[in-house]
Amino acid sequence: MADNAATPPVRLVFEGHAIGAEAGSSLLQAWAAAGLPLTENVGCMGQGVCGACRVLVRRPGERLAGTALACETLAEEGMQVSFLDHFPARRPHAYDLHALTDSWTALDQIDAVFPEARNCRHCSGCDRACPKGIEVQRMVNLAAEGRAFSAAALFDHCVMCNLCVAACPEHIDPAHLGQFVRRMSAALTLRPADLISRLREIEQGGQPIDFEAPGANPPEAKAPAASPPAAGSQGRP
Amino acid sequence: MSGGIPHAEALAAWRARAPAPPQALPLPVPDLLERFHPDRQPGAIVPLRIGASAGLSCRAELAALLHSDSLVEDLDIAGAPLLEADVLVIGGGGAGCVAALTAARAGARVLLATKLRLGDSNTVMAEGGIQAAVGAEDSLQRHFEDTLRAGHFAADKALVAALVSDGPAVIRWLIQEGMSFDLAEGSERMGGTLLRKKPGGATAARLLSYRDFTGLEMMRALREAVLLAPGITLLDRHPALELLTDDRGRCAGAALHDLGQGRTVLARAGATVLATGGAGRLHIAGFPTSNHYGATADGLVLAYRLGAALREVDSFQYHPTGIAWPPSMEGQLVSEAARASGATLVNGLGERFVDELETRDVVAAAILREIAEGRGIAHGSGQGVFLDTPGLERAKPGILGKGLVTLTHLARRAGFDAAVEPFLVRPTLHYQNGGIAIDPEGWSGVPGLFCAGEVTGGLHGRNRMMGNALLELVAFGRRAGRAAAADARAERPRNIGLTHLADWRRALIAQGLPLTRKAPLVFPPYGNFDMATERGRAA
């Protein structure tokens, strides 16, 4: 990391620790640079795809705290920040994707697994909680009407941070509902013809692999000396 | 290394010459690699001094960990709580999830232990795609040969054959788990064709994708599947510190550290699948990394101490296009999808200098050469070359907004518009080409110990092709999960303990290696948490 000795540090309070952060550093970088232990609430460290580093953030002058991802949010003067611990969804929104074979009953399935989706009270808490700007509430409403593809499309950018799950007063578990409609759409309707013909060809033995083909050996050495060292011991116990 | 060409000056040169014409490498590939690849530099490689692969060439940073002593003593396990399972899976990324699902569906009771949280892994960060030979003009044989050639013919042919043969079935399996794939323009969901791109070093368009966040799409489906699967017990925040052995040398599970409670927990299992991923957070040769926070080579340390052999641990992959500026995003990846779609690389003089679709080791070495020879572009404290995304947008209008979403977001977070200004890129530590030697069932050679995913070696030789990592983790996650479930049914460990450590410590002493250095690392040093100190084992 570059040290910008010229710019004064940004002062903020993180989990009760008053720390100074280098200007331009993310909240996650500020936490680690302050010497604080980082053993959870961290994953991809900046790509913004894993949803692990969830924080509550309040800026000076704001009355309410908002949610964000610490790797994507830059440290600002006067911020108050705390991690939101990961909690696994323990509510029984259980289904077996493999048992779901009849697309005529898709709506019944959504109703059966996520009955609360019909109870959405349009508070938009989920929309405010989402760090990716997904229209979560609209997805919930579309899914409850059985409009699976439209609902699935809205959840394209979900990073599974579960902040919408925490925000929902009706226990709808929007993140898991979103994954349910996405997974169902793929598993029930995606049937590429090129893949299917190749699979059939392989099953009929039409795609053999030749270890001794010219392209499978180094250009100069024709001899099959290219076989690499084998695993530690030979054969099964 | 010289100071490079100032950013503003380089921008002017790039504008004046755009679009720059293709330029062949002026020196032969072997010379380029010899002189500029980071793994070929003096002092980079040392021989391993103890263990099953003593004498094998190894990256020095990794060898230091492999030459270390255990964090666990007999005392720790004497009164520790005991968990029981048929199959213990260590690692909650893609390979671990696939192995756990496969083993559970084969009837095994599965414990899935992960250091961070389920899904926190390199898998979720994979952008480009997954290879599978589904095109009419393509074949398994071509995929086989491309993979061997890209790996400089160092890979194990039996493993590569298993990998490419599983390809199409892996895609079907993923769709059945609810993963989506992009379809060719105007194609139908039922009876259409998959969108295929050509990965660097391939002879056919074979890369399947979901936008430019294929790994995220895969991990979302896998994570939900694991959370909903009956028969899988999940242990978040439970890094493995040492594998357990029985009195016959069979792997019997692992000693885990429960980070929440700060105590040791024993997981006893009939068979163990190690799926701990890579080593980017060792920051080999001082490079930044595109890897997730937990990639600290833990699995290599554990398996090696138990007697598993390693291979190609002197070969790492430096992805050509890591972000070089701004510093807050240093090392993050700009997906190869950009180059696969036609984006070019341009030096400080506005010139191209390599075929952008060459294999990653060649492109990375070519970029390092530009920087070393003064044609790099200096911006703040960093240096790099341009990835010409504006040129790509001009050639294929709309591609940044629709096809390369992650890339466009990345630029926005860095404070510029990818359609107007090129990225400043420089190689970033990306992948561990080698690892634990396995057979086609994922067996490590140690009874009861199976491995899958980036922790293994032999599939990629000395250079991995884009799209073979996601394929590997599913193909070998399934193979290892299936084999572990079957193995656990046949054999159970008895008299479990740490019997292997006595021999290990004797070997360390015989070689004059200190017993004070402890591994696995678990977290990188800047995580401000030292496992040895935490457990009272610090030197």
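From a predicted model like this one, the values you see are computed outputs, not experimental measurements.

Caption draft 1: Main features of unusual backbone geometry. Residues and elements named next belong to chain B. Here the bond from Trp325 into Pro326 is cis, since omega is 5 degrees, no more than 30 degrees from zero. Checked against the element boundaries, Pro326 lands in the loop between β13 (316-323) and α10 (337-340). With an omega of 5 degrees, the peptide bond between Ala519 and Pro520 qualifies as cis. Structurally, Pro520 is set in the loop between α16 (500-510) and α17 (531-534). Despite not being glycine, His152 shows a phi value in the positive range, around 55 degrees. Relative to the assigned elements, His152 resides in the loop between α6 (140-150) and α7 (157-176). We classify His152 as partly exposed; its relative accessible area is 36%. A positive phi angle is found at Arg237, which is not glycine, with a value near 55 degrees. Within the secondary structure, Arg237 sits in the loop between β8 (232-235) and β9 (240-245).

Caption draft 2: Fine view of the interface of chain B and chain A. Counting from both sides, the interface comprises 88 residues of chain B and, opposite them, 78 residues of chain A. Taking both sides of the interface into account, the surface hidden between chain B and chain A amounts to around 6,900 Å²; carbon and sulfur atoms contribute 56%. Inspection of the region where chain B meets chain A yields six salt bridges. Among the salt bridges present, the one from Glu177(B) reaches Arg183(A), with a minimum N-O distance of 3.7 Å. Put simply, the parts of the chain that give the side of chain B that touches chain A at least two residues each are α6, α7, α8 (214-228), α14 (405-414) and α15 (468-490) of chain B. Sorting elements by how many residues they give to the side of chain B that touches chain A places α7(B) first, with 11 residues. Residue composition of the side of chain B that touches chain A, grouped by class: 45 nonpolar, 17 polar and 26 charged.

Caption draft 3: Highlighting the sheet that holds strand β20 (residues 456-457) of chain B. Residue and element names in this part refer to chain B. Taken in spatial order, the three strands of this open sheet run β12-β18-β20, and their pairing is mixed. Strands with a single pairing partner mark the edges of an open sheet, and in this sheet they are β12 (310-311) and β20. Of the pairings in the sheet, the one linking β12 to strand β18 (residues 435-437) comprises two bridges and is antiparallel in character. Residue pairing for β18: Arg311 is matched across the bridge by Gly435. Contacts from helix α9 (residues 298-305) reach β12 and β18 within the one sheet, and its direction differs from that of β18 by about 35 degrees.

Caption draft 4: The arrangement of the domain arrangement of chain B in detail. All names here are of chain B. Assigned domains within chain B: domain 1 (5-36 + 318-430) and domain 2 (82-315 + 433-499). Placing a centre on the C-alpha atoms of domain 1 and another on those of domain 2 gives a separation of 30 Å. With 27 residues of domain 1 at the interface, the matching set in domain 2 holds 24 residues. Summed over both partners, the interface of domain 1 with domain 2 comes to about 2,100 Å²; 53% of that surface belongs to carbon and sulfur atoms. Ranking the residues of domain 1 by area buried against domain 2 places Arg360, Thr406 and Leu429 at the top, with a combined share of 25%. Remark: the boundary between domain 1 and domain 2 carries zero salt bridges. In this assembly, domain 1 and domain 2 are joined by 16 residue pairs in polar contact (both at pLDDT 80 or more). Elements with a minimum of two residues in the side of domain 1 that touches domain 2: α10, α11 (360-372), α14 and β17 (423-432).

Rules of the game
Residues numbered from 1 in each chain as written. Chains lettered and ligands numbered in written order. Predicted model: local features only at pLDDT ≥ 70, side-chain atom pairs only at ≥ 80, totals over all residues. Heavy atoms only, no water. Helix = DSSP H or I, 4+ residues; strand = E, 2+ residues; numbered from the N terminus. Buried < 20%, exposed > 50% of the residue type's maximum accessible area, 1.4 Å probe, protein only. Contact = heavy atoms within 4.5 Å. Buried area = accessible area lost by both parts, 1.4 Å probe. Salt bridge = Lys/Arg side-chain N within 4 Å of Asp/Glu carboxyl O. Nonpolar A, V, L, I, M, F, W, Y, C, P; charged D, E, K, R; others polar. Pairing = 2+ DSSP bridges. Axes fitted to C-alpha atoms, helices over the stretch in contact; angles between N-to-C directions. Domains from an automatic or database assignment. Polar contact = N/O pair within 3.5 Å; in protein donor to acceptor, adjacent residues only side chain to side chain.

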